[in-house]
Amino acid sequence: MSKPAFLSKRLAYRLVEQTDIPFFDAALHDPQVMQYMSIRFTTDQPGREQWNWYQSQLAAGTALFFAVFTQETKDFCGVVSLYYYDATNHKAELGYWLLPKYWGQGYAVEACLAILTEARTLWNLHRVEAIIETDHVASRRVLMKCGFNFEGILREMELKSGSWIDLEVWGQLLSNK
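What this report covers is the structure whose coordinates are included nearby. Sequence positions are assigned chain by chain, starting from 1 and proceeding in written order. Whole-chain, interface and lining totals are the exception, using all residues; otherwise, since this is a predicted model, local features are given only for residues with pLDDT of at least 70 and side-chain atom pairs are given and counted only at 80 or more. With hydrogens and water stripped out, all remaining heavy atoms of the structure feed into the side-chain values.

**Describing the environment of His 29**
Numbering goes from the N terminus for both helices and strands, where a helix is a DSSP run of H or I of at least four residues and a strand is a run of E of at least two. Position of His 29 among the secondary structure elements: in the loop between helix 1 (21-28) and helix 2 (31-34). When its relative accessible area of 48% is taken as the criterion, His 29 is described as partly exposed. The spacing of His 29 and Phe 76 is 47 residues in sequence and 16 Å in space, taken between C-alpha atoms. By the convention used here, residues are in contact when the closest approach between their heavy atoms is within 4.5 Å. The residues contacting His 29, other than those within four sequence positions of it, are Asp 44 and Pro 46. Three exposure classes are used, based on accessible area relative to the maximum for each residue type with a 1.4 Å probe and protein chains only: buried under 20%, partly exposed in between, and exposed over 50%.

So, in C-alpha cells, the structure goes:
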C-alpha cells in the first residue's frame with residue numbers, strides 16, 4: 001500500500017490507484033457487493049471499467065475516491081468516495097462499498113466519518129447527500145450512525161433487473177457541525 005492520505009482509528013485511506021483494479025474486479029464480481037449497487041458494466045472487466053470512471057471523475061475535479069485498507073494488516077477493504085461535487089453549491093454525494101468480510105464491524109461508519117472530516121477541509125462542503133436503495137437496511141444504519149437525516153423517497157428512480165426501484169435520499173449539513 002502506498003503512503004496513506006489520512007488515517008482513522010483502524011483504517012488507512014489513499015487515492016485509488018491503477019494497482020487496485022484487481023481488488024475492484026474481485027469485489028464487482030461478488031453478488032453480495034453488487035446487490036445494492038446500480039452500476040451496469042459493458043464488459044467482463046468491471047474493475048477496469050470502474051477504474052476508468054474513477055479516473056474520469058478525478059480528472060474533472062468532481063470526485064475523490066479513496067481505497068480503504070486496514071492499518072493492522074494493510075488488507076484492502078473497499079472504497080469510500082465523494083462524487084458529483086458541485087463547487088457552486090458546496091455539495092457532493094457520499095458513496096462507499098466494502099468487501100463482505102468487513103461488513104458488520106463498524107468499518108463503513110468509520111470510513112464515512114473519516115471522509116466527511118476530510119471533506120470539510122478539502123472542499124469546504126456545506127451539504128453531503130447519500131442515495132440508497134429502500135431495502136438496503138445496513139446502509140441506512142451506516143448513514144444514521146454518521147448523522148445523516150432521511151429526506152425522502154425518489155419513486156421508481158432506477159430500472160434494475162427489469163423493475164423500477166425506489167431510492168432513499170439522505171442528507172447532512174456539514175456547516176452546522
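**Here we look at the environment of Trp 97**
On the secondary structure map, Trp 97 appears in strand 5 (residues 91-98). A relative accessible area of 8% means that Trp 97 is categorised as buried. Here the alpha-carbon distance between Trp 97 and Leu 28, two residues 69 residues apart in the chain, equals 9.9 Å. Setting aside anything within four residues of it in sequence, one finds Trp 97 in contact with Phe 24, Ala 27, Val 33, Met 37, Tyr 54, Phe 76, Cys 77, Gly 78 and Val 79. Within polar-contact distance, the side chain of Trp 97 engages the side chain of Tyr 54 at 3.4 Å. Polar contact is the term for a pair of N or O atoms within 3.5 Å; when the atoms are in protein, one must be able to donate a hydrogen and the other to accept it, and sequence-neighboring residues count only if both atoms are side-chain atoms.

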